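# Notes for the structure review
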Amino acid sequence: MSPSRLQSVALLAFLLAAAAALDARQQAQGPPATQTRVVLLGTGTPGLDPDRSGPATAIVVNDTAYLVDFGPGVVRRASAASLDAGTRKGIKALDPRSLRVAFVTHLHSDHTVGYPDLIFSPWTTGRRVPLEVYGPKGLTAMTQHLMEAFRVDIETRTNADGNQREFAEGHRANAHEVSAGVVYKDTNVTVTAFPTKHAMESYGYRFDTPDRSIVISGDTNPTQATVDACRGCDVLIHEVQTPAWRATRPDTFQRFAAKYHTSTPELADLARQAKPRLLVLYHYNSSSPEELFADLSSRYSGHFVIGRDLDVY
Ligand SMILES: [Zn+2]
Ligand SMILES: [Zn+2]
């Protein structure tokens, strides 16, 4: 064997030994302490900020994702979170074709405009099974109307000449209208709906997984039910508006917001009672992120973050 070949063999043996040692160390450490991840797919509002997609949050447990709300942009953001390259997260459960279960807090358009996207785009790219969707009264009718609205598309893709005949079930969405209480349970999660106070029937959801408890508010005035749902939960994801931002809005909106949304002083009070380990702000309106941060931190000493699209907690 030539000296250079000998060196190559020695190097290969060294690398294999190093890889085996690393593998053994990883096995000794066991799986990561946290199996559950919260992925913010959209932290936006009805406002048209291109950096903040419409409200959509994913709770990812092991290899399964559970969505809460499907605002505009939900499918592209889920796809981004599923990819590996660059700053993307490589969370395979968020490949849109793997999305099977979704919960909706209420039927305002900023939370539901992504519904046909969630039904049809994954289907046309390969999802073979129906979606299971849980939410307030009106969800069944909305689902039926969407099926009717897209009738030409569905018929064309599933007729004798269609390219989706092989998985004709993939465009279906089974709507489940819920009331307060446990609305879903499988080996990864128990999901409990609690009533919130918004302009229509609305719910927040608590997720209990093997390692974490996560509460998401949807759009709401502060409520005791939200405090009770959290009670020291690991993560509370809550909407908020600053008084300075509200003051710039028309009177009609200010009256609406006082009844159906949450201000920073109100959220500070609520969080002091709910005591989340981490408070994540989403669906927020403020003059700027700095103004929001300063306003809440002057009122609340707990750990909080201003959520951004594709953040993972
Ligand atoms: Zn709303
Ligand atoms: Zn909203």
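Residues numbered from 1 in each chain as written. Chains lettered and ligands numbered in written order. Predicted model: local features only at pLDDT ≥ 70, side-chain atom pairs only at ≥ 80, totals over all residues. Heavy atoms only, no water.

## What to know about the sheet that holds strand β4 (residues 101-103)
- If you trace the six strands from one edge of the open sheet to the other, you get β1-β2-β3-β4-β5-β6, paired in mixed fashion. Edge positions in the sheet fall to β1 (36-42) and β6 (173-177), since each has one partner strand and no second. The sheet shows a mean angle of 20° between the axes of neighbouring strands, taken without regard to direction.
- The pairing of strand β3 (residues 64-68) with β4 spans three bridges and is parallel. Counted as the bridge partner of L67 is A102 from β4. (Pairing = 2+ DSSP bridges. Helix = DSSP H or I, 4+ residues; strand = E, 2+ residues; numbered from the N terminus. Axes fitted to C-alpha atoms, helices over the stretch in contact; angles between N-to-C directions.)

## Quick look at the coordination of the zinc ion (ligand 1)
- The zinc ion (ligand 1) binds to the protein through H106 (NE2), H108 (ND1), H198 (NE2) and D219 (OD), with metal-donor distances spanning 2.1 to 2.4 Å.
- Here the zinc ion (ligand 1) is ringed by four donor atoms whose angles at the metal span 92 to 161°, and the overall shape comes out irregular.
- A gap of 3.5 Å separates the zinc ion (ligand 1) and the zinc ion (ligand 2), which D219 links by coordinating each metal. (Donors = N, O, S within 2.8 Å, 3.2 Å for Na, K, Ca; no water. Tetrahedral: all angles 85-135°; square planar, octahedral: opposite > 155°, others 65-115°.)

## Quick word on the nonpolar core
- One finds L41, L94 and Y115 to be the most contacted residues of the largest nonpolar core, which totals 34 residues.
- For this core, the secondary structure elements donating two or more residues are β1, β2 (56-61), β3, α2 (74-82), α4 (115-124), β5 (131-135) and α5 (139-149).
- With residues near it in sequence (within four places) discarded, Y115 still touches F70, L131, V133, L139, M142, T143, L146 and A173.
- Formed by 26 residues, the second largest nonpolar core is a distinct cluster that contains V61, Y66, I216 and V235. (Core = buried A, V, L, I, M, F, W, Y, C linked by side-chain atoms within 4.5 Å. Buried < 20%, exposed > 50% of the residue type's maximum accessible area, 1.4 Å probe, protein only. Contact = heavy atoms within 4.5 Å.)

## Overview of the sheet that holds strand β8 (residues 190-195)
- Taking strand neighbours across the sheet as the criterion, the seven strands line up as β7-β8-β9-β10-β11-β12-β13 in an open arrangement whose pairing is mixed. With partners counted over all chains shown, the strands left at the sheet margins are β7 (181-185) and β13 (304-306), one partner each. The mean inter-strand angle of the sheet, taken between neighbouring strand axes irrespective of direction, is 25°.
- Relative to β13, strand β12 (residues 278-285) runs parallel, the two being bridged by three bridges. When the bridges of β13 are listed, L279 appears paired with F304.

## With respect to the state of the cysteines
- One pass over the structure, following the stated rule, counts one disulfide.
- For C230, the disulfide goes to C233, at an S-S distance of 2.2 Å. Taking the torsion about the S-S bond as the criterion, the C230 to C233 disulfide, at about -85°, is left-handed.
- Its relative accessible area of 1% is what places C230 among the buried residues. (Disulfide = S-S within 2.5 Å.)

## Some thoughts on helix α11 (residues 289-297)
- Of the positions making up α11, those classed as buried are E291, L292, D295 and L296. Taken end-on, α11 shows its buried residues confined to a sector of 120°, consistent with a single buried face.
- Among the structural elements, β11 (235-241), α8 (243-246), α10 (264-274), β12 and β13 are those in contact with the buried residues of α11. (Arc of directions from axis to C-beta.)

## A closer look at the environment of D219
- Structurally, the position occupied by D219 is in the loop between β10 (213-216) and α7 (224-230).
- C-alpha separation for the pair D219 and E239, spaced 20 residues apart in sequence, amounts to 6.3 Å.
- Side chain to side chain, D219 and H106 meet in a polar contact 3.4 Å long.
- For D219, the side chain forms a polar contact with the side chain of H283, separated by 3.2 Å. (Polar contact = N/O pair within 3.5 Å; in protein donor to acceptor, adjacent residues only side chain to side chain.)

## Remarks on the confidence of the model for the protein chain
- Put simply, the protein chain has an average pLDDT of 91, and 89% of its residues get 70 or more.
- Note that pLDDT drops below 50 for residues 18-31; the model gives that stretch zero contacts with residues more than four away or on any other chain. (pLDDT = per-residue confidence, 0-100.)

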